[in-house]
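Structural overview
What follows is each chain in one-letter form.
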Amino acid sequence: MSLITKAAEVFCTIVALAVFSIESAAADSAKEMAALQAADQNWAKAYNAGNADAVASLYDEQAVLLPPGAPGVNGRAAIKAFFVKDTAESQKAGVAFTLGPKPAGGVSGDMGWQSGTYAVKDKAGKVVETGKYLSVSTKKGGKWLYVRDTWNSDGAPAPAESAAPSKK
């Protein structure tokens, strides 16, 4: 066998391994993206059921929740307390939270992110709010957990109440 033939065989082997590695990484990435999307769907399902325990279990112990119009909420226990109140209010109002199709996202090692849209619908199915969300997750023990989570409405904020006129 000539030196050129041997070099060509080595080159072809390297290319084949590289292609296999890229295809394998793409399959792993698709699997992880599906897992992140499943976590978001689990969040919506638990939220709509009023199950604050299940919602909180999707957050890392040191996670930070960044709700609109409110201070940040630090840690899983505080996040659970936030969702106990928030899910109860949503249940009382008769609204449900749905996620839009085809969120964007990415995975790099044990970190991942998702962003997409949401809608809040009343009992009749009428959309009462639309907005967007962004979550950053880490993979621990084979499970994706939110480390940062935020969302906000597409609508304009409610007008501020005017101050009472001062007496002269």
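Residues numbered from 1 in each chain as written. Predicted model: local features only at pLDDT ≥ 70, side-chain atom pairs only at ≥ 80, totals over all residues. Heavy atoms only, no water.

**Considerations on helix α3 (residues 76–93)**
Rule in force here: Helix numbering and strand numbering both begin at the N terminus, where a helix is a DSSP run of H or I of at least 4 residues and a strand a DSSP run of E of at least 2. The length a helix should cover is 1.5 Å for every residue beyond the first. Only protein chains enter the area calculation, which uses a 1.4 Å probe; residues under 20% of their type maximum are buried, those over 50% are exposed, and those in between are partly exposed. Starting at the helix axis, one direction is taken to each C-beta atom, and the arc is that of these directions.
An ideal rise of 1.5 Å per residue puts 26 Å on 18 residues; α3 measures up with 25 Å between its terminal C-alpha atoms. Within the span of α3, buried status applies to I79, F83, D86, T87 and S90. For α3, the buried positions fall inside an angular range of 105 degrees around the axis, keeping them on one side. In α3, the exposed positions that point more than 90 degrees away from the buried face belong to A77, K85 and K92. Taken from the residues just after α3, G94 is the one with a positive phi, measuring 75 degrees.

**Comments concerning unusual backbone geometry**
A positive phi is found at K102, a non-glycine position, where the angle reads about 50 degrees. Turning to its location among the elements, K102 is positioned in the loop between β3 (96–99) and β4 (104–108). The class of K102 is exposed, set by a relative accessible area of 80%.

**Topic: the nonpolar core**
Note the threshold: By nonpolar core is meant a set of buried Ala, Val, Leu, Ile, Met, Phe, Trp, Tyr and Cys residues that side-chain atoms within 4.5 Å join together.
One finds W43, V55, Y59, L65, I79, F83 and F97 to be the most contacted residues of the largest nonpolar core, which totals 21 residues. Elements with a contribution of two residues or more to this core: α1 (3–48), α2 (52–56), β1 (59–66), α3, β3, β5 (111–121) and β7 (143–153). Of the residues forming this core, the biggest block, five residues, is contributed by α1.

**Here we look at the environment of A52**
Within the element layout of this structure, A52 appears in helix α2. As for A52 and K85, which are separated by 33 residues in sequence, their C-alpha atoms are 8.6 Å apart.

**With respect to the pairing of strand β6 (residues 127–140)**
Where we set the bar: In this description, strands pair whenever DSSP reports at least two bridges between them.
Pairing between β5 and β6: 11 bridges, direction antiparallel. Across the sheet, the residue bridging to G112 is S137, located in β6. Note that β6 and β7 share 10 bridges and pair antiparallel. Across the sheet, the residue bridging to K140 is K143, located in β7. Following β6, the chain reverses through two residues before pairing antiparallel with β7; G141 in that reversal takes a positive phi of roughly 60 degrees.

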